[in-house]
Amino acid sequence: MSRFFVALSPPQDIQNYANQIKQYFADHYASCGALKSPPHITLQPPFEWADANLPLLEASLKEFASGQQPVAITLRGFDAFVPRVIYINVVRSQELLTLQADLMAYTESKLGIVDKVSKTRPFAPHMTVAFRDLTKQNFKAAWTEFEKRQLHFEFTADKLTLLLHDGKRWNIKSEFGFLPTEQ
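Residues numbered from 1 in each chain as written. Predicted model: local features only at pLDDT ≥ 70, side-chain atom pairs only at ≥ 80, totals over all residues. Heavy atoms only, no water.

(A) Geometry of the pattern of salt bridges. Overall, the coordinates contain 6 salt bridges when judged by the stated rule. Its salt-bridge partner being Glu-48, residue Arg-3 comes within 3.3 Å of it at the nearest N-O pair. You can see Arg-3 sitting in strand E1 (residues 2-8) and its partner Glu-48 sitting in strand E2 (residues 41-49), a full 45 residues away along the chain. When its relative accessible area of 36% is taken as the criterion, Arg-3 is described as partly exposed. A salt bridge links Glu-63 to Lys-110; the shortest N-O distance between them is 3.6 Å. (Salt bridge = Lys/Arg side-chain N within 4 Å of Asp/Glu carboxyl O. Helix = DSSP H or I, 4+ residues; strand = E, 2+ residues; numbered from the N terminus. Buried < 20%, exposed > 50% of the residue type's maximum accessible area, 1.4 Å probe, protein only.)

Dropping the structure here:
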């Protein structure tokens, strides 16, 4: 069994920026947890999957992705899950909410993957930069610094990313392109 999750990955320039912020939190606030995964917006939270069935998982995600339209994503400012997590805010759009809901329904009906927590609370798209290893004291200090900080990026998400946990960190296992938009 391995642990996986499904996400949207931003382009490299945004990943570089987010990684600099994560490193800043590690250096200044002793929060290193966010450095254990590439910058991403989680769509399907972590789940266990049998290694022998990896081809089924990948084929199913490829099939789902091939029917999706690219989604415009806007990142604006910072927000927090008080008192431990600080993240880059992902502006909620109907397209993003629909993509996430459709993916959750698809993985449940097709693969039997159910995230019970997600069923009890609304999807809150975000890109974590300081994780639960942030102490409450450091959270207060960091949040004072980041709550008003300006940030604005826009990009088009055109693929799903499957991430695999190797026992220490999350790594990109595979990517599945969305339906190309008609020119």
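(B) Summary view of the sheet that holds strand E5 (residues 126-130). Here we have 4 strands laid out as an open sheet, ordered E5-E4-E3-E6, and antiparallel in their pairing. Two strands lie at the open edges of the sheet, namely E5 and strand E6 (152-157), each paired on one side alone. Between one strand axis and the next, the sheet turns through 35 degrees on average, direction left out of account. Two strands pair when backbone bridges link them, and strand E3 (residues 71-81) and E6 are joined in this way by 6 bridges, in the antiparallel orientation. Residue pairing for E6: Leu-75 is matched across the bridge by Phe-153. Along the sheet, helix H1 (residues 12-29) contacts E3, strand E4 (85-90), E5 and E6; its crossing angle with E5, the most-contacted strand, is approximately 35 degrees. (Pairing = 2+ DSSP bridges. Axes fitted to C-alpha atoms, helices over the stretch in contact; angles between N-to-C directions. Contact = heavy atoms within 4.5 Å.)

(C) Representation of the packing of H1 against helix H5 (residues 136-146). Orientation of H1 relative to H5, taken along the N-to-C sense of each, is 135 degrees, at an axis distance of 11 Å. As far as their axial angle goes, H5 and H1 are oblique. In this structure, H1 meets H5 at a crossing whose hand is right-handed. Residue-level inspection shows Ile-21, Tyr-24, Phe-25 and Tyr-29 of H1 in contact with H5, the latter providing Asn-138, Ala-141, Ala-142, Glu-145 and Phe-146. Of the residues that constitute the contact of H1 with H5, the class distribution is 7 nonpolar, 1 polar and 1 charged. (Parallel < 35°, antiparallel > 145°, perpendicular 65-115°, else oblique. Left-handed = near helix turned anticlockwise from the far one by under 90°. Nonpolar A, V, L, I, M, F, W, Y, C, P; charged D, E, K, R; others polar.)

(D) Fine view of the sheet that holds strand E8 (residues 170-177). Strand order in the open sheet formed by 4 strands is E2-E1-E7-E8, and the pairing between neighbours is antiparallel. In the strand order of this sheet, the two ends are held by E2 and E8, each with one partner. Looking at each pair of strands side by side, their axes are set apart by 25 degrees on average, direction ignored. One ladder, built from 4 bridges, connects E1 with strand E7 (residues 159-165); its direction is antiparallel. Bridging from a neighbouring strand, Phe-5 pairs with Leu-163 of E7. Running over the sheet, helix H2 (residues 54-66) touches E1, E2, E7 and E8 and is turned about 45 degrees from E8.

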